[in-house]
Structure formats: structure tokens, C-alpha cells
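# Descriptive analysis of the structure
Spelled out from the first residue to the last, the chains are:
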Amino acid sequence: MRPPRPPGPPPRLPTPSHRRRLLYLHLLVAPLLCFFAILTPALAAATGAPPAEAGDAGGERRVIRSRTRAAVAWPAMDTKGAVKKVLKKEPVSDVIALKDSMKYFDANFFNDSKLREMEDGAKEFNVPAFRENRKLVASENGGLHNPSVLLFKSSWSGDSMISETRTFDYPRASAVHRPSNDEDIAFMSVIELGELIRTKQITSRELTDIFMRRLKRYNPVLESVVTYTEDLAYKQAKEADDLMAEGKYLGPLHGIPYGLKDIIAVPHYKTTWGSRTFKKQVLDTEAFVYKRLKSAGAVLVAKLVTGSLAYDDIWFGGRTRNPWNIEEFSTGSSAGPAASTSAGMVPFAIGSETAGSITFPAARCGVTALRPTFGTVARTDVMSISESLDKLGPFCRSAVDCAIVLDAIRGKDAGDPSSGEVALGDPFHVDVTKLTVGYLDDAEMEVVDVLSSQGVKLVPFKLNYTIESVQSILNITMDVDMLAHFDNWQREGHDDDYEAQDQWPVELRRARLIPAVDYIQAQRARGKLIKEVRDSFTVDAFIGNVTDWERVCLGNLVGMPVVVVPTGLKSIENPPKGGTNRRTTVTTGIYAPPDHDHIALALAMAYQAVTDHNKQRPPIDDLGPNDGIHR
């Protein structure tokens, strides 16, 4: 601390004439001081003296020396040129601002001269290059346009494998008879409905009528539909019925209605991405997954809710609810596919996952779902978040149905360089008694016991890896990739219009502060994580909680498949007086190594063959006292 000054005599107040003299002196000296203040750096430069720099302990001493030299050299100075040179020089405050900002990049180790070099280089090279690249590839938001050449392959084999079997050997449902009421038909599985179609007990037109009515009946409560594709549905249903009349049966999806998450493009219909910014957007292209389902004879009845820009369950029209408990929301951006399948509004639906958007809503809504191995299903003409994380997968009533739908939609497409012909085995021909399956501490033990009774070898298991930053690796990867696809959207200020300001807007603003170097370092850390998980994966599959957040992050970073399996129901917390039929669903996950989706599906099928949890129906007609059904 500086010691206090000793007391002195009281200050003398200036007289009026004294004040006038001080004013005249100030008017004379002030312009000279300003002039010399401008010239001093130039004079220093002319005499070779280094300029004073912010944060430099010797800076003030150098300024004093430069002033002395400048006084000696004054007669020879080109003051006009010096002033012009000074006016071109960037103010020191810019360097101070840059230096202060470097702490947000964990790079505050540069001195001022290096910062000035960096500033000049950024203006001369970086910014023009950034702008030119944005003109080339960032003018369109969201799509998988001009995909990155930095491709992620999840296969552990090291080779690009080609599938030996194009079509799974489906079982045929036996002794299937048409129920007498539409409610029972609505909750039949795909394989059962397919048998009704094949045996001509029902037409595709009739099925489309049933599911279209249910969509319109329950959507006002669940808020799970963005667009009814009614004209297209009846056109496709007629085509399916006409083929049957000609004796042509395309397989188990022939004439079966379904829904698509509204990030998947379908010609002539809006693809809103759940966002008010894009709610009138029509992409007249056919997504790969839509083309595959169309060729299998399936009938599209609705575009289903995605959370805005594929984040959680809030979209421009509301927030999607859970059919099992109408007071809860569906969670996860595939909220519409999960809720609609759970409520019997569609027999199956296609959703997507980047980080939990299949697993979370499937678990919340109590449906069977598959997050496939990364790259199994081409994502052409689907809104992109992260080219190394996005996956498409089915929501169904059973693992058998998931296998059937996966077989129809899997495949490689030139529009998605990360897609491939994954060499999946046939899940219907896996001998589960030859499998060794691990179970984690948080696995549902009922599943362990049931599979053990089926002859599966069950062993305690733990995934071992040293990476402590699994969640941060995923966030860095996902947020930077997302911002690359929505750079223009953010620059135009549309993030201010986003439906939930605590979601993408926050993450994507933060992503601006992630340097390229540290993005690459995160990918290197991801590579280390993948190697450690691969080395630790000593079983054929394992069972564990499917909504554990670190496991969700890890599974998506590695690209491993998981089947979400309903395993029971329990009472809701704080039920209303008088009781309620609303329930909380209990689920587990069956995980397999990449390219081994068939193993996880076979185990789920074995479990569901002797249990009926996946056949339970939500109490959608028994809602809360303030909720109503539009009939």
C-alpha cells in the first residue's frame, strides 16, 4: 500500500485574473499536447525506438527515450508522412481487446507484438477466407449440402464391409385374424398388419383410414403431428392395393402406414425442422429413407414433430406430450415419432439421434426403438446437425418390427459419404444361447433373468476407459458441427426467434469461441475413447440404463447401436387423489458393438418373445381432469 500523504496547508483559491491566465495557457498548450501525442509513436518509429506496448513493464521508459530522440531528430522529420503512417496504425485498444478475449480460448500467452501480428493476419487472410468459404457452402441452412471430407467411420473392422445379405429372412406371423374393432388393429405390430394385408383381410386404404382418424383424434392433446400427408397417403394406399390386386406383394411393409420426423424431406410437403423460421419451407427432394420406404410399399400418413432444429420436444406449434402420462413431455427431438407410435397413431415411425433423440423419447413413451450403427442408414436430404453423429432409426412396437424397418431403410447413398453397406447379420438367425452378454450395475435385472432363462450367458460387466471428458467431447463436436450447418441462420439473427432460448441459441453462440485447433483435439480425444471402448468390449453385447447421459454421449461418439426395450411400468410420482391410470415407463438398453445391430435386436426379440411389456397400451383416453380428447 502507498502510505498516506502528510497534512499540508489548505489550497489557495485562484483569483479571477489568475483563472483567465490559466484559461489562455490551456487554450495555447492543449493543441500542442494533442499534436505531440499523435506524433510521438511516429517519431519513435522514425528513430528506430520500439513503441510502448500494453502490459510491457518497460514501455513507459521506451516512450521517454523515444521522445528525447525525436527532439534531436525533429528538423529531419517528415511530419506529414509520420502522421499519415500513425493514422493507418490500429489503435492499441484493439490489441488490448484481443488480448483480453484470448482468455476465452485458453490462449492468453501471447505478448502484444504477437497479438498485433495475429490481428493483422486475421484481417488480411483469415476473415477474407472465412467469407469466401461461407459464400461457397454456407448459404443454405441445415442440409447435408457439400458434406465435409473429414468423414467418420464407426466400424471396428478397419475395412469397408459389404453386406452379404440384402434382405433378412423374416418370420411369418401365423394365425393372424382381423380384430373386430379399430382400436385393436391400431396396436397390432407391423408384422401382424403385414400378414393381414398379405392375406387380404384388410386393405391399405382401410388401414390408412384407421390411422388417419387416430392421428386427428389424439394430436390436439399430444401435439405430435406437424403435417398430415393425407393426399399422398391415399394415393400410396391405392397403389399398394392395386399391386395386391395384381398379385404383387412387396413384403411386410406393403401398404403399412407410418410417419416421418419432420427433418426428413418429402416433395410437395413442408419440412419445417420444427422451427418457426422454417415453418413454411418446402424441400422438393426425396430423402433417401423416404425413397426406401416408398419402394417397400409403405404409406406416409404424417410428418411428425421434431423439437425445433432437432433439439428436445419444444417446437413452433407447442410441446409434445407423453401418452403414458399426459402431464409429462416426450423429451428428445424425436418426440413426435415416439409419442405417435406409443399412442397407436402410427404402426411405426422414423426418427433421428445425434445425442439422445431416439433413446430419451423412446424410453419416456415406452416404445421399442433402435439407434443403429452410425452410417447404416444414409441421411441424404435430412437436416444435419453433425455429420459424424447423426443417425436415423425406427420407433416400433417390437424388436421384430425394428428389424423389418431397418432392413428396408439401411443402405449407402452418394449424398451421404459416411453411409455404407454395413455387413449386418440376420437377427432372425442369431443363436442367442451362444452369446455372452454383460450387464452393468444399472441394468434392469428382470431382463437379465429372462435372457438367462433363455440360455444366454450373462456376466457382470463394466466398460473401462480413461477419458473423463466424454460429455465435453460430444458437446464440442455437436455444437461446432451444428453451427457450421446453421452459420447463416445465426448471422441473420434468427437465433433470437428460436422457440427455447436456453437451448440452441446458447450452445451455438458459445460454439463461436471454440478454436479449430481444439475442435481437432476433441476429435483426437474421441479417437482415444473409441480405442479404449473397443478394447474393453469383451462381450457380445451388454445391458444397461439407456438414458444415462454419459452413456448416451459415449454411444453416439463411438457410433454403437442400442435397442430401447420397454421392461415395465410403475406409478407416477405424486398421483392425484382418487388414483390415476397414468404410468411411468421402465426401459433398458441392449448395446452391441458397431455393425452388430443384429445381435442387440436378436436379444431384444428373445426377451420380448416371453414378455408382454412392449404390448401394453397407454391410457390415452384416461387423461387428467383438464384435458380433453377431440373425437
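Counting from 1, residues in each chain are numbered in the order their sequence is written. Predicted model: local features are reported for residues with pLDDT of at least 70 only, side-chain atom pairs are reported and counted for 80 or more only, and whole-chain, interface and lining totals are derived from all residues. With hydrogens and water excluded, all non-hydrogen atoms of the structure serve as input to the side-chain values.

The protein chain appears in an unreviewed UniProt entry as Amidase domain-containing protein from Urochloa decumbens.

Numbering of helices and strands runs from the N terminus, with a helix taken as a DSSP run of H or I at least four residues long and a strand as a DSSP run of E at least two residues long. Of regular secondary structure, the protein chain possesses 20 helices and 15 strands. Buried residues are those whose accessible area, probed at 1.4 Å on protein chains only, stays under 20% of the maximum for their type, while exposed residues exceed 50% and partly exposed ones sit between those limits. Every one of the 631 residues in the protein chain was classed for burial, and the buried ones make up 50%. What makes two residues a contact is simply this: any of their non-hydrogen atoms within 4.5 Å. Of all intrachain contacts in the protein chain linking residues separated by at least 6 positions in sequence, the fraction that spans at least 24 positions is 75%. The accessible surface values rely on the Shrake-Rupley method and a 1.4 Å probe; as for residues, cover is taken only from the protein chains in view. A total of about 29,900 Å² of accessible surface is found on the protein chain, and carbon and sulfur atoms cover 54% of it.

On to the confidence of the model for the protein chain, then. Confidence of the prediction at every residue is given by pLDDT, a number between 0 and 100. Looking at the protein chain, the pLDDT average stands at 85 and 81% of residues meet or exceed 70. pLDDT under 50 marks residues 160-164. Its contacts with residues more than four places away, or in other chains, come to nine contacts.

With that out of the way, let us pick up the environment of T271. Inspection of the secondary structure puts T271 in the loop between strand 2 (257-261) and helix 10 (288-295). Look at T271 and you get buried, because its relative accessible area is 0%. For the pair formed by T271 and Q281, sequence separation is 10 residues and the distance between their alpha carbons is 5.8 Å. Separated by 3.2 Å, the side chains of T271 and K303 make a polar contact. What qualifies as a polar contact is a pair of N or O atoms within 3.5 Å, subject to a donor-acceptor requirement within protein and to the restriction that residues adjacent in sequence count only when both atoms come from side chains.

Judged by how many residues are buried, strand 2 sits mostly within the fold: five of five residues are covered. Side chains of strand 2 alternate between two faces, with P257, G259 and K261 and Y258 and L260 buried alike. Paired strands are those between which DSSP finds at least two bridges. Across five bridges, strand 2 lies against strand 3 (residues 299-304) in parallel orientation. If you follow Y258 over to strand 3, its bridge partner there is L300. By convention a crossover is right-handed if, when the strands point away from the viewer, the path from the first strand over the helix to the second runs clockwise. The parallel pair strand 2 and strand 3 is bridged by helix 10, and the resulting crossover is right-handed. Here strand 2 pairs with strand 8 (residues 349-353) via two bridges, running parallel. Among the inter-strand pairings, L260 is bridged to a residue of strand 8, identified as I350.

Glancing now at the nonpolar core. Across soluble globular proteins, you tend to see nonpolar side chains buried next to one another. Note on terminology: a nonpolar core comprises buried Ala, Val, Leu, Ile, Met, Phe, Trp, Tyr and Cys residues joined through side-chain atoms within 4.5 Å. Ranked by size, the top nonpolar core spans 127 residues in total, and within it L253, L293, L309, F348, I350 and L603 carry the most contacts. When neighbours within four sequence positions are excluded, L293 is seen to be in contact with L253, Y258, L260, A298, F348, I350, A408 and I409. Formed by 19 residues, the second largest nonpolar core is a distinct cluster that contains M212, L215, V301 and L304.

Right, let's talk about helix 17 (residues 504-511) for a bit. All of the buried residues along helix 17 are W504, P505, E507, L508 and A511. For helix 17, the buried positions fall inside an angular range of 165 degrees around the axis, keeping them on one side. Buried positions along helix 17 lie against helix 15 (470-485) and helix 16 (487-491). It is the directions from the helix axis to the C-beta atoms whose arc is reported.

Next up on the list: the packing of helix 8 (residues 204-222) against helix 9 (residues 230-245). Contact pair helix 8 / helix 9: the axes reach a minimum separation of 8 Å and the direction vectors enclose 155 degrees. Viewed along their axes, helix 8 and helix 9 adopt a mutual orientation that is roughly antiparallel. Relative to helix 9, the crossing made by helix 8 is right-handed. Listed contacts from helix 9 to S204, R205, T208, D209, M212 and K216 of helix 8 are E230, A233, Y234, A237, A240 and D241. Basically, the charged four are Asp, Glu, Lys and Arg, the nonpolar ten are Ala, Val, Leu, Ile, Met, Phe, Trp, Tyr, Cys and Pro, and anything else, Gly included, counts as polar. Its residues assigned to classes, the contact of helix 8 with helix 9 comprises five nonpolar, two polar and five charged. Fitted lines through C-alpha atoms serve as axes, helices being fitted only where they are in contact, and the angles separating the N-to-C directions of these axes extend from 0 to 180 degrees. For classification purposes, angles smaller than 35 degrees are called roughly parallel, those larger than 145 roughly antiparallel, those between 65 and 115 roughly perpendicular, and all remaining angles oblique. Here a crossing is taken to be left-handed if its near helix is turned anticlockwise relative to the far helix by less than a right angle, and right-handed if that turn runs clockwise.

Before going further, it helps to examine the packing of helix 18 (residues 516-536) against helix 19 (residues 549-558). One can describe the packing of helix 18 onto helix 19 by two numbers: an axis separation of 10 Å at closest approach and a directional angle of 95 degrees. Between helix 18 and helix 19, the crossing angle belongs to the class labelled roughly perpendicular. Contacts between helix 18 and helix 19 involve R526, L529, I530 and V533 from the first element and L554, N556, L557 and V558 from the second. Classifying every residue of the contact of helix 18 with helix 19 gives six nonpolar, one polar and one charged.

By definition, the strands of a sheet pair up through backbone hydrogen bonds, in either a parallel or an antiparallel sense. Ordered in space as 1-3-2-8-10-9-14-15-13-11-12, the 11 strands form an open sheet in which the pairing is mixed. Of all strands in the sheet, those with a lone pairing partner are strand 1 (225-228) and strand 12 (457-460), marking the two edges. Strand-to-strand twist of the sheet, defined as the mean angle between neighbouring strand axes without regard to direction, takes the value 30 degrees. Summarising the sheet, strand 11 (residues 436-439) and strand 12 pair through four bridges and their orientation is parallel. Paired with T436 across the two strands is K457, which belongs to strand 12.

Take the pattern of salt bridges next. Any Lys or Arg side-chain nitrogen found within 4 Å of a carboxyl oxygen on Asp or Glu counts as a salt bridge. If you walk through the whole model with that rule in mind, you get 34 salt bridges. A salt bridge links K531 to D535; its shortest N-O distance comes to 3.0 Å. Linking K531 with D535, this pair stays in helix 18, spanning four residues, or about one helical turn. Residue class for K531 comes out partly exposed when judged on its relative accessible area of 45%.

Moving on, we come to unusual backbone geometry. In this structure, A175 is a non-glycine residue whose phi angle is positive, near 50 degrees. Mapped onto the elements, A175 comes out in the loop between helix 5 (112-137) and helix 6 (182-186). Phi at T331 is positive, roughly 65 degrees, even though this residue is not glycine. Residue placement: T331 occurs in the loop between strand 7 (325-329) and helix 11 (335-342).

A word on the side chain of S388. Relative to the assigned elements, S388 resides in the loop between strand 9 (368-371) and strand 10 (391-396). A polar atom in the side chain of S388 sits 2.8 Å from the side chain of R526. Apart from the residues lying within four places of it in its own chain, the contact partners of S388 are F152, F374, R379, T477, D481 and R526.

This part takes up the packing of aromatic side chains. Between the rings of Phe, Tyr and Trp (Trp by its six-membered ring), a pair exists once the centres lie within 6.5 Å; its type follows the angle of the planes, with under 30 degrees stacked, over 60 edge-to-face, and the other angles tilted. Considering all chains together, one arrives at 16 aromatic pairs under this definition. For the pair F486 and W489, a centre-to-centre distance of 6.0 Å together with 80 degrees between the ring planes defines the contact as edge-to-face. Overall, the relative accessible area of 0% leaves F486 in the buried class. Each residue in the set W156, F461, F537, F542 and Y591 is aromatic and connected to the rest through ring pairs, giving one cluster. Over the ring of Y228 we find K216, and its NZ or CZ is 5.7 Å from the ring centre. Charge-over-ring contacts are defined here by two conditions on Lys NZ or Arg CZ: a distance within 6 Å of the ring centre and an angle within 35 degrees of the ring normal. Over the ring of F152 we find R526, and its NZ or CZ is 4.2 Å from the ring centre.

Moving on: the side chain of T272. For T272, the position within the fold is in the loop between strand 2 and helix 10. For T272, a relative accessible area of 1% corresponds to the buried category.

Turning to the environment of F542, a few remarks are in order. Relative to the helices and strands, F542 resides in strand 13 (residues 541-544). Spatially, the C-alpha atom of F542 lies 6.7 Å from that of A592, the residues being 50 residues apart in sequence. Contacts of F542, omitting those with residues within four sequence positions, involve V437, G438, L440, F461, L463, F537, R551, G589, I590 and Y591.

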